[in-house]
Amino acid sequence: MTRKLYIETVGCQMNMLDSELVVADLRRNGYELVDAPAAADLVLFNTCSVRAHAEEKIYSALGRLKNAKKRNPEKIIGVIGCMAQNHQKTVFTRAPYVDLVVGPGQLHQIPQLVRDIAAGGGQKLEVSLDRTGGARSDVERSFESYDPLRDEAMRPSRYQAFVRIMIGCDKFCTYCIVPKVRGPEQSRPPEQIVAEARKLADEGCREITLLGQTVNSYKYKDGDRTTRLSDLLHQLSEIDGIARLKFVTSFPNDMTQDLLDAVRDVKKCSHYLHVPCQSGSNEQLKRMKRNYTVESYREMLQRIRTTIPDAAVTSDFIVGFCGETEEDFQKTVALVEESRFKNSFIFKYSPREGTKADELYADDVPDDVKRRRNNELLAVQNRISYEDNQAFLGRVVEILVEGPSERARRQEDHAHGDDQPEAGGEQSHDHVHGPLQLVGRTNCDRIVVFDGNPRQIGQILPVTVYDANSFTLFGEVVTEHVGPQMVSLSL
Ligand code: SAH
Ligand code: SF4
Ligand code: F3S
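The structure reproduced in this document is the subject of the present report.

Calculation rules
Residues numbered from 1 in each chain as written. Chains lettered and ligands numbered in written order. Predicted model: local features only at pLDDT ≥ 70, side-chain atom pairs only at ≥ 80, totals over all residues. Heavy atoms only, no water. Pairing = 2+ DSSP bridges. Helix = DSSP H or I, 4+ residues; strand = E, 2+ residues; numbered from the N terminus. Axes fitted to C-alpha atoms, helices over the stretch in contact; angles between N-to-C directions. Buried < 20%, exposed > 50% of the residue type's maximum accessible area, 1.4 Å probe, protein only. Salt bridge = Lys/Arg side-chain N within 4 Å of Asp/Glu carboxyl O. Parallel < 35°, antiparallel > 145°, perpendicular 65-115°, else oblique. Contact = heavy atoms within 4.5 Å. Nonpolar A, V, L, I, M, F, W, Y, C, P; charged D, E, K, R; others polar. Near = heavy atom within 4 Å. Polar contact = N/O pair within 3.5 Å; in protein donor to acceptor, adjacent residues only side chain to side chain.

1. Overview of the sheet that holds strand E20 (residues 460-468)
Pairing within the closed barrel is mixed, and its five strands lie in the order E17-E18-E19-E21-E20. Across the sheet, the axes of successive neighbouring strands diverge by a mean angle of 50°, strand direction being ignored. By the bridge criterion, six bridges tie strand E18 (residues 436-442) to strand E19 (residues 447-452) in an arrangement that is antiparallel. Within E19, the position partnered with Gly 440 by the bridge is Val 448.

Structure (structure tokens):
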């Protein structure tokens, strides 16, 4: 008998990939996806703990299921991912009708745990060891890599896929919960990564984004051979069918020259680097334990610009971190002004229990000040993004077409009614003919919207840019006919 699964995913790309793998696993165990919790036998929330807000939203969503569970006690409700590892039993205390709590290192157990619950086995909790819960090798083993299972329908599109090259994080930035919930940093063997990418290419995937919390710290030792991210990029670029390679997120100190050279030399590599800076003040960087200074970050940016002049660099910033003065903040504004990031993700500091910052420093910047700084920094970044995007007007850019734009997707949902189950990713658009607003990305990761045809999805196309705002370029496909002017010129 097929059972119905509903899954909701928040957080970073790691979580999107984990959801893809969980869905693949459960499909193999007789489940099919539905797009509303009401219709589901199993409801899963794949959660994030990076800020308090992300956790509170999950508890609210769980609250909305309380009555449904009362009416139908057979419905299984699960909390998986980072908040499961972070809160463990507390999830059951706050939401006693939850059946299942599974951390990111134990996702492979879900099908069996769900069977046990359905058979009357009661609530189940499976998490990995705490970072101090044993010898390093035991803690490492308790976070299992869960990568070979894939489900095409759960990808961003059938032409794009994430491939995890490492799990965990050992940087322990003082504000950050990730090392606690994702466990020790462990790089995957290159052979596994290449085999996975090859399989994806055989399935028609054109773009691969390599994932790691500090993806450029990737290092795999096998005897006296060490594989670095730069080596991996060279190896992956040999796979036929793969047209583009990206990687996120990079740590500033690990942006080595061999890696920048590889990004420049490997033709398939996107000229796009996400290298979060977090603050423009040395005092703040020290408190955050980022292990670099504003000067060394600036020097790294300079090396990127010298090696790959057209690289698009993006960053993250935290505003209102413990002890941040107006002067500290203005240093961040100045850094954003001079660095000309393609865009920046800006977050208000959110204290996380179990982190060093929460233990050592007071969360002493009032929320209204955090909000004001967030808006101010965002306005500066948006102005820069706008200005830099104007430089694309009239230029021809090559884009990988990802699928219908959000506007087109909304119109389609509306035409189909919202309660229709998703019919298998982008393939569901194959029946659509005629012009459709499509979206793609340039080699430097800029979003381009244009009117196209569904059969162009998955292709790499030249597009002329005729308009731009801070976030999007608007273009039209370059057609190949020779216009009258060209003819007269060539005569
Ligand atoms: N591994 C990546 C990012 C992980 S989390 C890196 O090292 O850059 C993504 C972003 O969330 C971080 O870059 C940081 O800007 C933000 N973040 C992390 N912890 C936070 C907290 N406690 N409060 C607010 N923002 C936070
Ligand atoms: Fe968190 Fe720092 Fe690790 Fe990034 S590098 S995941 S910010 S601890
Ligand atoms: Fe959130 Fe976990 Fe990613 S805490 S940012 S989903 S690694």
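Okay, back to it.
2. Overview of the pairing of strand E7 (residues 160-164)
Most of E7 is tucked away, with five of its five residues classed as buried. A two-sided burial pattern is seen for E7, the buried positions comprising Gln 160, Phe 162 and Arg 164 on one face and Ala 161 and Val 163 on the other. Bridge analysis of E7 against strand E10 (residues 207-211) gives five bridges, and the strand direction is parallel. Note that in E10 the partner of Ala 161 across the bridge is Ile 208.

3. Looking at the pattern of salt bridges
In this structure the tally under the stated criterion is 39 salt bridges. Arg 164 is the partner of Asp 18 in a salt bridge, and the nearest nitrogen-oxygen pair spans 2.7 Å. With a gap of 146 residues between them, Asp 18 in helix H1 (residues 13-28) and Arg 164 in strand E7 connect regions that are remote in the sequence. A salt bridge links Arg 141 to Asp 138, with the nearest nitrogen and oxygen atoms 2.8 Å apart. With Arg 141 and Asp 138 both in helix H7 (residues 136-142) and three residues apart, this pair spans about one turn of that helix. The partly exposed category is assigned to Asp 138, whose relative accessible area is 34%. Three or more residues joined by partner-sharing salt bridges are found here, namely Glu 207, Lys 246, Lys 342, Glu 402, Arg 441 and Asp 445.

4. Description of the sheet that holds strand E14 (residues 272-274)
Paired through backbone hydrogen bonds, the strands of a sheet run either parallel or antiparallel to each other. With respect to topology, three strands assemble into an open sheet ordered E14-E15-E16, the strand pairing being parallel. Strand pairing shows two members of the sheet lacking a second neighbour, E14 and strand E16 (344-348), which therefore form its edges. Along the sheet, successive strands turn relative to each other by an average axial angle of 10°, direction set aside. Judged from the three bridges that link them, E14 and strand E15 (residues 312-319) form a sheet pairing that is parallel. When the bridges of E15 are listed, His 274 appears paired with Thr 314.

5. Some details on the packing of helix H13 (residues 294-307) against helix H14 (residues 326-339)
At a closest axis distance of 12 Å, the pairing of H13 and H14 adopts a crossing angle of 10°. Our classification of the angle between H13 and H14 gives roughly parallel. Every residue of H14 that contacts H13 at Val 294, Arg 298, Leu 301 and Arg 305 is listed here: Leu 335, Glu 338 and Ser 339. Taken together, the residues that form the contact of H13 with H14 break down as three nonpolar, one polar and three charged.

6. Observations concerning unusual backbone geometry
Along the chain, Val 248 connects to Thr 249 via a cis peptide bond; the corresponding omega equals 0°. Here Thr 249 is to be found in the loop between strand E13 (244-248) and helix H11 (257-265). The residue Lys 289 is not glycine, and still its phi comes out positive at about 55°. Along the chain, Lys 289 falls in the loop between helix H12 (282-288) and H13. Note on Lys 289: relative accessible area 37%, which makes it partly exposed.

7. Here we look at the site of ligand 1
Of all residues adjacent to ligand 1, which total 15 residues, the nearest are Tyr 175, Gln 213, Gln 278, Asp 316 and Ser 350. A distance of 3.1 Å separates an oxygen atom of ligand 1 from a polar side-chain atom of Arg 51. A distance of 2.6 Å is found between an oxygen atom of ligand 1 and a side-chain nitrogen or oxygen belonging to Asp 316. For the shell around ligand 1, the secondary structure elements donating two or more residues are E15 and E16. Its residues placed into classes, the shell around ligand 1 shows six nonpolar, four polar and five charged.

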